[in-house]
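Listed below are the residues making up each chain.
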Amino acid sequence: MRQWEQSSLAVGWLERGNAYPRGTVDEKFFRALLRLCANPWQPPVVSAGVHVCSLCQFAGRLAGSSYGGASGAIGTANVFIPGETKVFVTPGMIVHYIDAHEYVPPREFQDAVFKCPEMRSMPYFKALKALGFPLSGY
């Protein structure tokens, strides 16, 4: 196991047939998360393709999600959010899961979203690096 894997936590990977916490989230949290998902930093790795929402009854959701002037692509990217003690890794689909399927992420993740520096900024990369997340060497 690589060092960064020990300090990472996957959040928001939902699939039909698996229970997940439901409820409502604060609109400010949703806006902050959507901002981070709009153009997330991606490590230099290859994507396995597009993910279609298995929770939707018919068509699934591929396009993007927009709200209050902010928008983000979903279904193709992972989002890395530095927290206090770990890096949260979430699919861009998380904004759809929250909005359409009432997913409620863990409080620790929500707090990290509020504190996350702007994507691709020097403070963002420093926060990832401080948690042992490699920024090169893939």
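By the naming in an unreviewed UniProt entry, the protein is DUF7919 domain-containing protein, taken from Corallococcus exercitus.

As a further point, take the pattern of salt bridges. Under the counting rule described, the total for this entry stands at 5 salt bridges. In this structure, the salt-bridge partner of Lys115 is Glu84, at a minimum N-O distance of 3.4 Å. Placement of the pair is Lys115 in helix H4 (residues 107-115) and Glu84 in the loop between strand S4 (78-82) and strand S5 (87-91), with a sequence separation of 31 residues. Assessed through its relative accessible area of 62%, Glu84 is described here as exposed.

Before going further, it helps to spend a moment on the packing of aromatic side chains. Scanning the model with the defined rule gives 10 aromatic pairs in all. Both rings, one in Trp41 and one in Phe133, keep their centres 6.0 Å apart while their planes meet at 75 degrees; by these two values the pair is edge-to-face. Of this pair, Trp41 sits in the loop between helix H2 (27-38) and strand S2 (64-67) while Phe133 sits in the segment after helix H5 (122-130), and the two are 92 residues apart along the sequence. Each member of the pair, Trp41 together with Phe133, is buried.

The rules behind these values
Residues numbered from 1 in each chain as written. Predicted model: local features only at pLDDT ≥ 70, side-chain atom pairs only at ≥ 80, totals over all residues. Heavy atoms only, no water. Salt bridge = Lys/Arg side-chain N within 4 Å of Asp/Glu carboxyl O. Helix = DSSP H or I, 4+ residues; strand = E, 2+ residues; numbered from the N terminus. Buried < 20%, exposed > 50% of the residue type's maximum accessible area, 1.4 Å probe, protein only. Phe/Tyr/Trp six-rings, centres within 6.5 Å; stacked < 30°, edge-to-face > 60°.

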